[in-house]
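A closer look at the structure
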Amino acid sequence: AQKVTQAQTEISVVEKEDVTLDCVYETRDTTYYLFWYKQPPSGELVFLIRRNSFDEQNEISGRYSWNFQKSTSSFNFTITASQVVDSAVYFCALRGRGPSNSGGSNYKLTFGKGTLLTVNP
Amino acid sequence: GAGVSQSPRYKVAKRGQDVALRCDPISGHVSLFWYQQALGQGPEFLTYFQNEAQLDKSGLPSDRFFAERPEGSVSTLKIQRTQQEDSAVYLCASSLAYIPTGGNTGELFFGEGSRLTVL
């Protein structure tokens with residue numbers, strides 16, 4: 001079975017602080033995809049990044065960066081110099097590439113419970 | 001519209017009522033998903049359509065839940081005889097890609113959801 005754990009339920013920071021959101025995953029698939037989504041108060045899930053399991057290069061996009069470590073099954077997300085507009089719930093998600101009998105599927109997303117980030121001015 | 005549109009945005013139902021939630025995916029999107037998001041939780045998979053074919057309904061919680069996409073575009077999620085535990089946000093997502101054929105990791109575009117409250 002697939003599982004995504006986001007141990008941090010809520011994080012509160014002051015604007016301009018750096019913040020890291022943790023994500024740990026479990027899967028029996030040898031090939032899989034990891035995602036981060038942002039859910040602002042309006043409710044829609046906004047795609048932030050997809051990472052393939054065979055590509056362990058870290059990625060930076062503006063103030064956002066992602067640290068993928070296969071050895072520890074973690075895919076952490078860092079926001080540098082946080083801003084009030086970053087306040088939202090952030091979800092880490094996993095999608096496998098294996099056949100359905102591996103416990104996953106190549107179209108279902110398995111989400112963590114989310115981390116509520118509040119950035120205070 | 002440019003994005004996935006869901007209606008109604010908010011629905012209050014009395015226990016035992018039937019409800020229907022509508023999803024208008026992005027035009028031309030082949031794959032359509034329904035997810036259920038309980039308060040304080042992450043979304044959980046309900047069902048998946050490829051065009052008009054419902055390929056996976058393993059996530060539907062009970063036989064009171066029914067989804068259809070008869071013409072391969074608009075989809076409706078119907079919940080019969082609603083119960084309090086059905087209270088949640090129901091998210092629809094669509095993708096251009098035939099995800100299960102492999103080689104294509106087409107991304108999902110989510111709607112804003114329909115928040116159902118069952119009293």
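This structure is a prediction, so every number in the text was calculated from the model and none was measured.

In this section: the nonpolar core. Counting residues in each nonpolar core, the largest one holds 24 residues, and the members touching the most others are A:W36, A:W66, A:F75, A:F77, A:Y90 and A:L117. Element by element, the count of residues in this core is highest for strand β10 (residues 88–96) of chain A, at 4 residues. In contact with A:L117, other than residues within four places in its own chain, are A:I11, A:V13, A:V19, A:I79, A:D86, A:S87, A:A88 and A:Y90. The next biggest cluster of nonpolar side chains, apart from the first, holds 20 residues, and it includes B:V19, B:F49, B:I79 and B:A88.

Glancing now at the interface of chain B and chain A. Size of an interface, as often reported, equals the accessible area lost when the parts are brought together. Between chain B and chain A, the contact holds 24 residues from the first and 20 residues from the second. For the pair chain B and chain A, the summed buried area comes to about 1,800 Å², and 53% of that belongs to carbon and sulfur atoms. Scanning the region where chain B abuts chain A turns up 1 salt bridge. A salt bridge links A:K108 to B:D56, with the shortest nitrogen-to-oxygen separation between them at 3.6 Å. Summed over the shared surface of chain B and chain A, the number is 5 residue pairs in polar contact (both at pLDDT 80 or more). Elements supplying a minimum of two residues to the side of chain B that touches chain A: β4 (31–37) and β5 (44–50) of chain B. At 3 residues, β4(B) tops the list of elements feeding residues into the side of chain B that touches chain A. Residues of the side of chain B that touches chain A, tallied by class, amount to 10 nonpolar, 10 polar and 4 charged.

Here is what the cut-offs are and how they apply
- Residues numbered from 1 in each chain as written.
- Chains lettered and ligands numbered in written order.
- Predicted model: local features only at pLDDT ≥ 70, side-chain atom pairs only at ≥ 80, totals over all residues.
- Heavy atoms only, no water.
- Core = buried A, V, L, I, M, F, W, Y, C linked by side-chain atoms within 4.5 Å.
- Buried < 20%, exposed > 50% of the residue type's maximum accessible area, 1.4 Å probe, protein only.
- Helix = DSSP H or I, 4+ residues; strand = E, 2+ residues; numbered from the N terminus.
- Contact = heavy atoms within 4.5 Å.
- Buried area = accessible area lost by both parts, 1.4 Å probe.
- Salt bridge = Lys/Arg side-chain N within 4 Å of Asp/Glu carboxyl O.
- Polar contact = N/O pair within 3.5 Å; in protein donor to acceptor, adjacent residues only side chain to side chain.
- Nonpolar A, V, L, I, M, F, W, Y, C, P; charged D, E, K, R; others polar.

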